[in-house]
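So you can see what is in the structure, the chains are spelled out below.
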Amino acid sequence: MPNPNGYILWEGPSPIDGAPIVCIATGFTESSGNGKTGSMIQTWILRTDIPPHHAYKSGEGISVCGGCWHFAQKTCYVLWYKAPLSVWQCYKRGNYAPLPDYALFSGRQLRIGSAGDPYCVPEPVWRSCLAHSDEHTGYTAQWRRPDAAPLRDFLQASCHGFRDYLEATTHGWNPYLVVPAGESLPEGVTLCPASTEAGHATTCSACHACDGSTGAYGIHAHGTAASRFALRN
Ligand code: SF4
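Residues numbered from 1 in each chain as written. Predicted model: local features only at pLDDT ≥ 70, side-chain atom pairs only at ≥ 80, totals over all residues. Heavy atoms only, no water.

## Focus on the site of the ligand
The environment of the ligand is formed by 13 residues, the closest being Tyr139, Cys192, Cys204, Cys207 and Cys210. Elements supplying a minimum of two residues to the shell around the ligand: β6 (136–140) and α7 (204–207). Residue composition of the shell around the ligand, grouped by class: 10 nonpolar, two polar and one charged. (Near = heavy atom within 4 Å. Helix = DSSP H or I, 4+ residues; strand = E, 2+ residues; numbered from the N terminus. Nonpolar A, V, L, I, M, F, W, Y, C, P; charged D, E, K, R; others polar.)

Laid out in structure tokens, this is it:
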């Protein structure tokens, strides 16, 4: 019995290593429980052949994470054994049908890459979703790749530290910058209003500033990333 809450957007080889991957969109009938993002359609980019938490741990998740700093450091904020695993299990049971019509995104807000990097899904898939959806947010850690350049139109560059920030902005990206706890954000970078420091003033679904076109936003490192981050910078 197909689950009307989610659909398969795309299946194919990873552009990073050729492994089989899938992109599944969920939230069409049930709202996400993510307090930071609020109620948005979520998109999950996963290996088809390995449970996502195993892929993350073993390193085979590079097919969907590429050169993300958090993947290399094992400090990813995504809880791969939770929502991504539930979505993957539902997919493996055959409970998600292919998306019948991009019009299902009409009037909806879209989170591009709830898990996995949007770079791994062909750009036309995202553009078809965006042609119908209202606001969206999205980030890529693959912004150094020359063939990622068209994604500047609708994704922020995930930047970890000032060097990334300078390089990404030089190449025309709007960044989402993470700085070590206690450091100031550079001038012109707006503190994410959903951050702890901003008092969790809003959600991404209400803010939706990280759409690749609005400007530079930033946050302080938190969780397990914070200590590794201090060492890197
Ligand atoms: S700046 Fe807005 S859209 Fe971007 S992460 Fe923060 S709350 Fe979400």
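## Looking at the sheet that holds β6
Sheet architecture is open: 10 strands sit in the order β4-β1-β2-β3-β5-β6-β7-β8-β10-β9, paired in mixed fashion. Single-partner strands in this sheet number two, and they are β4 (97–98) and β9 (189–191). Here strand β5 (residues 110–115) pairs with β6 via three bridges, running parallel. Following the sheet pairing, Ile112 is matched in β6 by Gly138. Across the sheet, helix α4 (residues 83–92) is in contact with β1 (6–13), β2 (20–26), β3 (41–47) and β5; its angle to β3 comes to roughly 75 degrees. (Pairing = 2+ DSSP bridges. Contact = heavy atoms within 4.5 Å. Axes fitted to C-alpha atoms, helices over the stretch in contact; angles between N-to-C directions.)

## A closer look at the nonpolar core
In summary, soluble globular proteins display a tendency toward joint burial of nonpolar side chains. Counting residues in hydrophobic clusters, the biggest one holds 52 residues, and the most contacted among them are Leu9, Ile45, Phe105, Trp126 and Trp173. With residues near it in sequence (within four places) discarded, Trp126 still touches Leu9, Cys23, Thr43, Ile45, Ile112, Gly113, Pro118, Val121 and Phe154. Counting nine residues, the second-largest nonpolar core is a separate cluster that includes Tyr176, Tyr217, Ile219 and Ala221. (Core = buried A, V, L, I, M, F, W, Y, C linked by side-chain atoms within 4.5 Å. Buried < 20%, exposed > 50% of the residue type's maximum accessible area, 1.4 Å probe, protein only.)

## Digging into the environment of Trp143
Tracing the backbone shows Trp143 in the loop between β6 and β7 (156–160). For the pair Trp143 and Glu167, spaced 24 residues apart in the sequence, the C-alpha separation amounts to 9.8 Å. Not counting chain neighbours up to four residues away, the residues in contact with Trp143 comprise Ala148, Ala157, Ser158, Cys159, Asp164, Glu167, Ala168 and Trp173. A polar atom in the side chain of Trp143 sits 2.8 Å from the backbone oxygen of Ser158. (Polar contact = N/O pair within 3.5 Å; in protein donor to acceptor, adjacent residues only side chain to side chain.)

## Observations regarding unusual backbone geometry
Its identity as a non-glycine residue notwithstanding, His200 has a phi of 50 degrees, on the positive side. With respect to the secondary-structure elements, His200 resides in the loop between β9 and α7. Under the relative-accessibility criterion, His200 is labelled exposed at 53%. A positive phi angle, near 40 degrees, is found at His208, a position not held by glycine. Looking at the secondary structure, you find His208 in the loop between α7 and β10 (216–220).

## As for the pattern of salt bridges
Scanning all chains against the criterion turns up five salt bridges. With a closest N to O distance of 2.9 Å, Glu167 and Arg144 form a salt bridge. Of this pair, Glu167 sits in helix α6 (residues 162–170) while Arg144 sits in the loop between β6 and β7, placing them 23 residues apart in sequence. Take Glu167: its relative accessible area is 32%, and that puts it in the partly exposed class. If you follow the salt bridges from partner to partner, you end up with Glu123, Arg127 and Asp153 in one network. (Salt bridge = Lys/Arg side-chain N within 4 Å of Asp/Glu carboxyl O.)

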